Amino acid sequence: MKRIGLLFDTLRAPYDVAHIMQIAAALGNCDLYVSGNSIDTKHRKITSKVKSWKIKSLPEVTRFNSLEEAAEVLHAQDKYLVGTSPHATRDLYEVDITQRDPVLVFGTESTGLTSKKIELLDTMIKIPMDENCSFLTLPVAVSVAAYEFYRQIRRKNEKSRR
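As the structure is a prediction and not an experimental result, all values here were calculated from the model.

Calculation rules
Residues numbered from 1 in each chain as written. Predicted model: local features only at pLDDT ≥ 70, side-chain atom pairs only at ≥ 80, totals over all residues. Heavy atoms only, no water. Helix = DSSP H or I, 4+ residues; strand = E, 2+ residues; numbered from the N terminus. Contact = heavy atoms within 4.5 Å. Polar contact = N/O pair within 3.5 Å; in protein donor to acceptor, adjacent residues only side chain to side chain. Buried < 20%, exposed > 50% of the residue type's maximum accessible area, 1.4 Å probe, protein only. Pairing = 2+ DSSP bridges. Right-handed = clockwise from strand over helix to strand, strands pointing away. Axes fitted to C-alpha atoms, helices over the stretch in contact; angles between N-to-C directions. Parallel < 35°, antiparallel > 145°, perpendicular 65-115°, else oblique. Left-handed = near helix turned anticlockwise from the far one by under 90°. Nonpolar A, V, L, I, M, F, W, Y, C, P; charged D, E, K, R; others polar. Core = buried A, V, L, I, M, F, W, Y, C linked by side-chain atoms within 4.5 Å. Expected span 1.5 Å × (residues − 1).

1. Observations regarding the environment of Arg100
So, step 1. With respect to the element layout, Arg100 can be found in the loop between strand E4 (79-84) and strand E5 (101-106).
So, step 2. Placed 89 residues apart in sequence, Arg100 and Leu11 show a C-alpha to C-alpha distance of 25 Å.
So, step 3. Setting aside its immediate chain neighbours within four residues, Arg100 contacts Lys2, Asp78, Lys79, Tyr80 and Asp122.
So, step 4. Reaching out from Arg100, the side chain makes a polar contact with the side chain of Asp78 at a distance of 3.4 Å.
So, step 5. For Arg100, the side chain forms a polar contact with the main-chain oxygen of Lys79, separated by 3.0 Å.

Structure, rendered in structure tokens:
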């Protein structure tokens, strides 16, 4: 099965990291990447929370010094970098990610991805939502987007087995 990558630029909140690790563990086919001034994913607040959920196996986390370095390395591995922003013009559900290994890229919860960082990516998507809601918290956005990519990959695998 294709793998899904999740790349976070300057991920700082311990409980966000814990929830993201839970999502990655639930998907099973997930690679985690952090860049910039991200928190150490072995921070005690993160590990104690994750241990309390009795998750048996956690994904390894690859750390990059910057989003620029991450984009360069991941593009060299033929990864398809998909940025997220509420201002993107394409909906999450319009992107077929089954042709290449996708990596969802998330900026900080407060400022998102800068225009300079967006230029490093292959495409940008948004999660459609009602006009009464202007944003989703990071763990919620990660869940929605990662599970849509997971659904697409599973569907393609099921069709290829028939």
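Now, onward.
2. Focus on the side chain of Asp9
So, step 1. Tracing the sequence through the fold places Asp9 in strand E1 (residues 4-9).
So, step 2. Relative accessible area serves as the criterion here: at 6%, Asp9 is assigned to the buried category.
So, step 3. A polar atom in the side chain of Asp9 sits 2.8 Å from the side chain of Ser35.
So, step 4. Apart from the residues lying within four places of it in its own chain, the contact partners of Asp9 are Ser35, Gly36, Ser38, Leu67, Phe106, Gly107, Thr108 and Lys117.

3. Notes on the pairing of strand E3 (residues 61-64)
So, step 1. Pairing of strand E2 (residues 30-35) with E3 involves four bridges; the strand directions are parallel. In the sheet register, Ser35 faces E3, and the bridge partner there is Phe64.
So, step 2. Between E2 and its parallel partner E3, the chain crosses via helix H2 (residues 44-52), and the hand of that crossover is right-handed.

4. A short note on the environment of Gly28
So, step 1. Mapped onto the fold, Gly28 is located in the loop between helix H1 (14-27) and E2.
So, step 2. Of the residues examined, Gly28 reaches a relative accessible area of 56% and is grouped as exposed.
So, step 3. When the C-alpha atoms of Gly28 and Lys117 are compared, they prove to be 28 Å apart, with 89 residues separating the residues in sequence.

5. Concerning the sheet that holds strand E6 (residues 123-125)
So, step 1. Strand order in the open sheet made by the six strands is E3-E2-E1-E5-E4-E6, with parallel pairing throughout. Edge positions in the sheet fall to E3 and E6, since each of these pairs with one other strand and no more. Adjacent strand axes in the sheet meet at a mean angle of 25°, parallel and antiparallel pairs treated alike.
So, step 2. Both E1 and E2 contribute to a ladder of six bridges, which runs parallel. Note on E2: the bridge partner recorded for Gly5 is Asp31.
So, step 3. Strand contacts of helix H3 (residues 67-76): E1, E2, E3, E4 and E5, with the helix running at about 145° to E4, the strand carrying the most contacts.

6. A look at the packing of H1 against helix H5 (residues 138-161)
So, step 1. Following both chains from N to C, one finds H1 and H5 inclined at 15°, their axes separated by 9 Å at the closest point. Classified by the angle their axes make, H1 and H5 are roughly parallel. Crossing of H1 over H5 shows right-handed handedness. Of the residues in H5, those in contact with Asp16, His19, Ile20, Ile23, Ala26 and Leu27 of H1 are Leu138, Pro139, Val142, Ser143, Ala146, Tyr147 and Tyr150.
So, step 2. For the contact of H1 with H5, the class distribution of residues is 10 nonpolar, two polar and one charged.

7. Looking at the nonpolar core
So, step 1. The biggest cluster of nonpolar side chains holds 34 residues, and the ones touching the most others in it are Leu6, Phe8, Leu32, Leu104, Phe106, Val142 and Phe149.
So, step 2. With 14 residues, the next largest nonpolar core counts Leu74, Leu113, Leu121 and Met124 among its residues.

8. Here we look at H5
So, step 1. With 24 residues, H5 extends 34 Å between its outermost C-alpha atoms, agreeing within 8% with the 34 Å of an ideal straight helix rising 1.5 Å per residue.
So, step 2. Among the residues of H5, those classed as buried are Leu138, Pro139, Ala141, Val142, Ala145, Ala146, Glu148, Phe149, Tyr150, Gln152 and Ile153.

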